[in-house]
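In case you want the letters, here they are:
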Amino acid sequence: GTLKVYVYDVHPKWSSSLLALNMQQCRGSIFSAEVFIHEQLLVSPMLTLDPDEADLFFIPFYASCFLSSNFVKPGPGWPDNDVDIGKTFRAVRSVVSHVASAYPYYNRSSGSDHVLALTSDWGSCL
């Protein structure tokens, strides 16, 4: 059969509300792939609205947008700012914890069938 992907409906603070910040990293850079992947999954024939049919589960979290909105010191923008990777790590942990506690699917597989798109070069640190 066809691969089926369920997309979680998470709080906008982890995804869509970050787009209102209108930062380059959210729409106009290579790091905006996490936004593009989310949007494309929502219109994909692979999308299922029934999580019991899903082969994979997508957790929308716009890490690059979040990371870029949490600089340690003010400045004109990357690379003149230092990022707060710890705050972003805590946000990733928070969204995954939310999914694990609010839905039965994460715990069923210990998260092995769950996907986050962390497209920033900082993604490996998270």
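The written sequence of each chain sets the order in which its residues are numbered from 1. In view of the model being predicted, local features appear only for residues whose pLDDT reaches at least 70, and side-chain atom pairs are presented and counted only at 80 or more, with totals across whole chains, interfaces and linings using the full set of residues. No hydrogens and no water enter the side-chain calculation; it runs on all heavy atoms of the structure.

(A) The environment of lysine 4, seen in detail. A helix here means a DSSP run of H or I that spans at least four residues, while a strand means a run of E at least two residues long, and both kinds are numbered starting from the N terminus. Mapped onto the elements of the fold, lysine 4 is located in the segment before β1 (5–7). Separated by 48 residues in the primary sequence, lysine 4 and aspartate 52 have C-alpha atoms spaced 9.9 Å apart. By definition, residues are in contact when any of their heavy atoms lie within 4.5 Å. When sequence neighbours within four positions are dropped, the list of residues in contact with lysine 4 reads Pro45, Met46, Thr48, Glu53, Ala54, Asp55 and Leu56.

(B) Examining the sheet that holds strand β3 (residues 114–115) more closely. Ordered by their spatial adjacency, three strands build an open sheet running β1-β2-β3, and the pairing between neighbours is parallel. Edge strands, defined here as strands with exactly one partner in the open sheet, are β1 and β3. Strand pairing follows a simple DSSP-based rule, namely that at least 2 bridges must link the two strands. In this sheet, strand β2 (residues 56–58) lies alongside β1 in parallel orientation, the contact comprising three bridges. Its bridge partner lying in β2, tyrosine 6 is registered against phenylalanine 57. A fitted line through C-alpha atoms serves as each axis, taken over the contacting stretch for helices, and the angle formed by two N-to-C directions is quoted from 0 to 180°. Across the face of the sheet, helix α3 (residues 33–42) comes into contact with β1 and β2 while running at roughly 115° to β1.

(C) Region of the structure containing α3. Think of it in three bands: with a 1.4 Å probe and only protein chains considered, a residue is buried below 20% of the maximum accessible area for its type, exposed above 50%, and partly exposed in between. Every buried residue of α3 is accounted for by Glu34, Val35, His38 and Leu41. One face of α3 carries all of its buried residues, which in axial projection span an arc of 135°. Throughout, the arc means that of the directions going from the helix axis to the C-beta atoms.

(D) Structural detail: the side chain of aspartate 113. As for its placement among the helices and strands, aspartate 113 is situated in the loop between α6 (105–109) and β3. In this structure, aspartate 113 is buried with no salt-bridge partner, the nearest side chain bearing the opposite charge being arginine 108 at 4.3 Å. Here a polar contact is recorded for every N or O atom pair within 3.5 Å, except that within protein the pair must consist of a potential hydrogen donor and a potential acceptor, and residues adjacent in sequence are included only if both atoms are side-chain atoms. Looking at aspartate 113, its side chain comes within polar contact range of the side chain of histidine 114, at 2.8 Å. Contacts of aspartate 113, omitting those with residues within four sequence positions, involve Asp55, Leu56, Phe57, Tyr105 and Arg108. Asp and Glu count as negative and Lys and Arg as positive, but His and the ends of the chain are not part of the count. Within this document, salt bridges are pairs made up of a side-chain nitrogen of Lys or Arg and a carboxyl oxygen of Asp or Glu, the two lying within 4 Å of each other.

(E) Structural context of the nonpolar core. Tyr8, Val10, Phe57, Ile59, Phe61, Cys65 and Val95 are the most contacted members of the largest nonpolar core, which totals 21 residues. Going through the elements one at a time, α4 (63–68) and α5 (85–102) are the ones with two or more residues in this core. Looking at which element gives the most residues to this core, the answer is α5, with five residues. Residues contacting tyrosine 8, with those up to four places away along its chain left out, are Phe57, Phe58, Ile59, Pro60, Val99, Tyr103, Tyr105, Tyr106 and His114. Here, nonpolar core refers to any group of buried Ala, Val, Leu, Ile, Met, Phe, Trp, Tyr and Cys residues whose side-chain atoms link them within 4.5 Å. Ranked by size, the runner-up nonpolar core spans five residues in total, among them Val5, Val7, Leu41 and Ala117.

(F) Local environment of the packing of aromatic side chains. Ring geometry is summarised as follows: Phe, Tyr and Trp rings, the Trp one being its six-membered ring, pair when their centres sit within 6.5 Å, and such pairs are stacked at plane angles under 30 degrees, edge-to-face over 60 and tilted between the two. This model, assessed by the stated rule, comprises five aromatic pairs. Each ring, one from tyrosine 6 and one from tyrosine 8, has its centre 5.4 Å from the other, and the planes form 90°; the classification is edge-to-face. On the basis of relative accessibility, which here comes to 2%, the residue tyrosine 8 falls in the buried class. By the ring-pair criterion, three or more aromatic residues cluster together here, those being Tyr6, Tyr8, Phe57, Tyr103 and Tyr105.

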